[in-house]
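# Close look at the chain arrangement
Residues per chain are reported as follows:
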Amino acid sequence: MNQDILTLGDLARRTDLPEVTIAGWVKDKLLRPAGFADDRTPLFAVAAVDRIGQIRKLADLGYRPDELQKIVKKIGLPQDRDGRMPAAEKDRFLTVGNLAERSGVSPRTIKHWEGMGIIEPDMRSEGGFRLYSQSYVFLCQLIRDLQLFGYTLEEIKSVSDDVRALMTMEADIEAFPPDEVEKKLGAMLQAIDKLFARMKLLEEGVDRWHDLLKKKRKDIMNIQARNAKRGAKVSRTRGADAGRGSHA
């Protein structure tokens, strides 16, 4: 999914309403942002324009904000009753900074991955704001794992493409011809088998290093104990020599 996002100013221009009016509806929870920029600027899906139109019609009929709240709470707006409110109005989206923080990487890394096509924002504004769905947190964690497995960014892009294609097919398999689905799924299974093989090698390597480090840790502690005894013996010898020197 790749949709446009709008700021309060964008909504004001598209609806010919003052920003303060729209901001008031946001404050009254009649209109919900799709997400927020890192500086807490509210960002909206394009569908918010239609929702504002519905709110405006009720407001023009003379309904006060508190009355509008009751209407929305009890029966909803027309989009709500039809059950067609876009998911972007219901889900919380993440900015580059949010996604980086939740994924344990830097914002620069997120932008680099986006530049390579490994990830892509769900929504984008003309002003440069980018929003990602919550599922990208898990995807970014998977990308980090693949880097640990020794995958190049080019290989990771291929895996990322598979993950996104699978998510799309899970959401709406009817959007793809049967032959295309079978071809994509077959390629994904081959990629999974390849990853399993690489993970097995990694696991064997981890086990070897685990045993080696465990043994060497024990060896180091034994040497420390022996060295401590040597140090104590040297201290006793020096003390005895100093005692004899004082009696001479």
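Preceding block: the structure.
Quantities reported herein were computed from a predicted structural model and do not represent experimental measurements. (Residues numbered from 1 in each chain as written. Predicted model: local features only at pLDDT ≥ 70, side-chain atom pairs only at ≥ 80, totals over all residues. Heavy atoms only, no water.)

### Some words on the overall build of the protein chain
When its secondary structure is counted, the protein chain shows 10 helices and five strands. Looking at the protein chain as a whole, 29% of its 248 residues qualify as buried. Long-range contacts, defined as pairs at least 24 residues apart, comprise 62% of the intrachain contacts of the protein chain with a sequence gap of at least 6. Of the roughly 16500 Å² of accessible surface on the protein chain, a fraction of 55% belongs to carbon and sulfur atoms. (Helix = DSSP H or I, 4+ residues; strand = E, 2+ residues; numbered from the N terminus. Buried < 20%, exposed > 50% of the residue type's maximum accessible area, 1.4 Å probe, protein only. Contact = heavy atoms within 4.5 Å. Areas by Shrake-Rupley, 256 points an atom, 1.4 Å probe, with all protein chains shown as cover.)

### Section: the packing of aromatic side chains
If you walk through the whole model with that rule in mind, you get one aromatic pair. Measuring from ring centre to ring centre gives 5.5 Å for Tyr-132 and Tyr-136, while their planes differ by 70°; the resulting arrangement is edge-to-face. Residue classification places Tyr-132 among the buried positions, given a relative accessible area of 0%. What makes Tyr-136 buried here is its relative accessible area of 7%. Above the ring of Tyr-151, the side-chain terminus of Arg-198 is found at 4.1 Å from the ring centroid. (Phe/Tyr/Trp six-rings, centres within 6.5 Å; stacked < 30°, edge-to-face > 60°. Lys NZ or Arg CZ within 6 Å of the ring centre and 35° of its normal.)

### Re helix H6 (residues 96-103)
Of the positions making up H6, those classed as buried are Val-96, Gly-97, Leu-99, Ala-100 and Ser-103. Buried residues in H6, looked at end-on, bunch into an arc of 165°, giving them a common side. In this structure, the buried side of H6 is in contact with helix H7 (107-115), strand S5 (130-131) and helix H8 (135-148). Two residues or fewer past H6, Gly-104 is found with a positive phi of approximately 80°. (Arc of directions from axis to C-beta.)

### A short note on unusual backbone geometry
Its identity as a non-glycine residue notwithstanding, Asp-16 has a phi of 60°, on the positive side. Within the element layout of this structure, Asp-16 appears in the loop between helix H1 (8-15) and helix H2 (19-27). The class of Asp-16 is exposed, set by a relative accessible area of 64%. Phi at Lys-29 takes a positive value of approximately 65°, unusual for a residue other than glycine. When you line up the elements, Lys-29 lands in the loop between H2 and strand S2 (35-36). Classification of Lys-29 as exposed rests on a relative accessible area of 55%.

Remember that the coordinates give geometry; whether it matters functionally is a separate question.
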